[in-house]
Amino acid sequence: MARVLTPRAEDFPRWYQDLIAKAQLADNGPVRGTMVIRPTGYALWERMQGEMDARIKAAGAENAYFPLFIPESYLRREAQHVEGFSPELAVVTHAGGKELAEPIVVRPTSETIFGEFMAKWVDSYRDLPLLLNQWANVVRWELRPRTFLRTTEFLWQEGHTAHATEADAATYARRILHDVYEDFMVNLLAIPVVPGRKTVGERFAGATNTMTLEAMMGDGKALQMGTSHELGQNFAKAFDITYSSAAGGLEHCWTTSWGSTTRMIGGLIMVHGDDSGLRVPPRLAPVQANVMVVKAGEGVAEAAAKLRDELAAAGVRVTLDDRADVPFGRRAVDAELKGIPVRIEVGPRDLAAGNAVLVRRITGAKAPVALGEVATAVTAALKADQQQLFDDALALREARTVDVPTLGDALEAAQTGWARVPWSAVGVAGEAEANGKAVTVRCLIRPDGTVPDTDDEPDLVAILARAY
């Protein structure tokens, strides 16, 4: 496999790009910074969508869809918002053969257009909370694109909500952070994440609080996997999102926004991938098991088809590869690259012995299993290997995270992993110094690992790292 992929230890960025190409996850689009997501990659995104969507709906939000094009004047209503996004905006100035009276921004995020319509739809406290989500694409002009991690156009979900009180908005933003994002990332992606509070300098443009979920990649760098924002009343005042209270007064709403993107596919690759390709967590995998005919004849194809049906009946997402005209080695390498969690290999010799060979992608184990026990063995392997991926990722994070007392120590530790350091030893000046050395404060946490309510709580801990 070293001839197929550059080894991770030799050149991690090259390995990442090799894997995306060889596993047929994506290709570069014709415009710089864009990507074409191939069927194998899009199947992962569909599974992510389905699992996330169920969690979002369980949190009470409803799906809607808003336009791709946003009047430039909308963004200008919230000063911090437009200032934060200006360098990344794609702006349409001509359409239909004419110069437009007002430039149109291609959606970088949708707080402003959601705000415009929330103002129309909310009249009374009875209309609150208004909990909306959309699955869409957005455009942010990237200077240094990297497939899945930073692309000019990417896919995501973005939630936008309006509440009667600050406390209700804060509670809901945290609910999304933990019950939707953290639950999904830990239990489906098998990626351990650190929930924390962003510093003032790292907040979303226009937010009063940004909460994040940070994950360690296989090279020790951090990746922001999703964020949930409290927007205070900033957008409500800019867009006049008001409601009549139970007491009869007119009040501004408190709003939130939150999002996760196709960046999660990049995180999946960099956390779980190895020198043989991708390793997909079984609970997420579009195909959990692949029954493979090693060599046709002697009833092998029929036995393989029967195993496929038995696995499907057991609730396993399974496919049958009976392409005997394609060399078996090539098919096996392809399955390894794409990270299918389990292979069940059946050939004439196996069948004669009453067995199939169970190959586990995550652990690399390979063993004969009696034909009548395949379904039981596969379901047990899928469960165990889901946990194994999480345990391995957590062990790596713990091994490459150190507690240090000073900013200097943190900057040194961040060259190979993460540093936990007292926020009081960093501060705003130290954060700027770290940024100048390509190290960022990923988040602030309490000593017990929970998410702070404010920026000025005592004894806060900062996590510093290099990041994607």
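Remember, predicted model here, so these are calculated numbers, not experimental data. Every chain is numbered on its own, with residues counted from 1 as its sequence reads. The predicted nature of this model means local features are confined to residues of pLDDT at least 70 and side-chain atom pairs, given and counted, to a pLDDT of 80 or more, with totals for whole chains, interfaces and linings taken over all residues. Side-chain descriptors were evaluated using all non-hydrogen atoms of the structure, hydrogens and water having been removed beforehand.

A. Representation of the packing of aromatic side chains within the structure. Two rings from Phe, Tyr or Trp (for Trp, the six-membered ring) form a pair when their centres are within 6.5 Å of each other. A pair whose planes differ by under 30 degrees is stacked, one over 60 is edge-to-face, and the rest are tilted. Applying the stated rule across the entire model yields 10 aromatic pairs. Both rings, one in Trp 45 and one in Trp 135, keep their centres 5.9 Å apart while their planes meet at 75°; by these two values the pair is edge-to-face. Of this pair, Trp 45 sits in helix H2 (residues 39-58) while Trp 135 sits in strand E7 (residues 130-139), and the two are 90 residues apart along the sequence. The class of Trp 135 is buried, set by a relative accessible area of 18%. Geometrically, the ring pair formed by Phe 66 and Phe 114 is stacked, given 3.9 Å between the ring centres and 25° between the ring planes. What counts as a helix is a DSSP run of H or I of at least four residues, what counts as a strand is a run of E of at least two, and both are numbered from the N terminus. Per-residue accessibility, obtained with a 1.4 Å probe over protein chains only, is compared with the maximum for each type, and a residue is labelled buried under 20%, exposed over 50%, and partly exposed between these values.

B. Local environment of the sheet that holds strand E6 (residues 98-106). Strands were regarded as paired on the criterion that DSSP finds at least two bridges between them. The three strands are arranged E4-E6-E5 in an open sheet whose pairing can be described as antiparallel. Each edge of the open sheet carries a strand with a single partner, namely strand E4 (69-71) and strand E5 (90-95). On average, each strand axis in the sheet is tilted by 45° relative to the strand beside it, whichever way the strands run. Bridge count between E4 and E6: three bridges; the pairing is antiparallel. Among the inter-strand pairings, Ile 70 is bridged to a residue of E6, identified as Val 105. Under this scheme, a helix contributes an axis fitted over its contacting stretch, all axes are lines through C-alpha atoms, and angles between N-to-C directions fall in the 0 to 180 degree range.

C. Region of interest: the pairing of E6. For E5 and E6, the ladder comprises five bridges, and the chain directions are antiparallel. Residue pairing for E6: Ala 95 is matched across the bridge by Lys 98. Taken together, E5 and the strand that follows it, E6, pair antiparallel across an intervening segment of two residues, in which Gly 96 is found at a positive phi of about 65°.

D. Looking closely at the nonpolar core. By nonpolar core is meant a set of buried Ala, Val, Leu, Ile, Met, Phe, Trp, Tyr and Cys residues that side-chain atoms within 4.5 Å join together. In this structure, Leu 25, Met 48, Phe 148, Met 185, Leu 189, Met 225 and Ile 269 are the most contacted members of the largest nonpolar core, which totals 55 residues. For this core, the secondary-structure elements that each account for two or more residues are helix H1 (12-22), strand E2 (35-37), H2, E7, helix H6 (166-187), strand E10 (209-216), strand E11 (222-230) and helix H8 (263-272). When residues of this core are assigned to their parent elements, the largest contribution, eight residues, is made by H6. Those residues in contact with Phe 148 that sit more than four places away from it in its chain are Tyr 16, Ile 20, Leu 25, Ala 26, Met 35, Ile 37, Thr 262, Arg 263, Ile 265, Gly 266 and Ile 269. If you look at the next biggest cluster of nonpolar residues, it comprises 26 residues, including Ile 70, Ala 205, Ala 207 and Ile 241. Throughout, a residue-residue contact means that at least one pair of heavy atoms, one from each residue, lies within 4.5 Å.

E. Local environment of the packing of H2 against H6. Packing of H2 against H6 brings their axes to within 10 Å, and their N-to-C directions diverge by 150°. On the basis of the axis angle, H2 is roughly antiparallel to H6. Judged by the twist between their axes, the crossing of H2 over H6 is right-handed. Residues Met 48, Glu 51, Met 52, Arg 55, Ile 56 and Ala 58 of H2 form the contact with H6, whose own contacting residues are Arg 175, Asp 179, Val 180, Tyr 181, Asp 183 and Phe 184. Partitioning the contact of H2 with H6 into residue classes produces seven nonpolar, no polar and five charged. Here the word oblique covers every angle except those under 35 degrees (roughly parallel), over 145 (roughly antiparallel) and from 65 to 115 (roughly perpendicular). By definition, any crossing whose near helix is turned counterclockwise from its far helix by less than a right angle is left-handed, and any crossing with a clockwise turn is right-handed. Residues were grouped as follows: Ala, Val, Leu, Ile, Met, Phe, Trp, Tyr, Cys and Pro as nonpolar; Asp, Glu, Lys and Arg as charged; and all remaining residues, including Gly, as polar.

F. Region of interest: the sheet that holds strand E16 (residues 318-321). What the five strands build is an open sheet, ordered E16-E15-E17-E18-E19; its pairing is mixed. Among the strands making up the open sheet, the edge pair consists of E16 and strand E19 (366-370). Between one strand axis and the next, the sheet turns through 25° on average, direction left out of account. Bridge count for strand E17 (residues 342-346) against strand E18 (residues 355-360) is four bridges, and the pairing is antiparallel. Following the sheet pairing, Glu 345 is matched in E18 by Val 357. Packed on one face of the sheet, helix H9 (residues 300-313) meets strand E15 (289-293), E16, E17 and E18 and runs near 170° to E15. Contacts between helix H12 (residues 374-399) and the sheet are confined to E15, E17, E18 and E19, with E18 contributing the most and set at about 10° to the helix.

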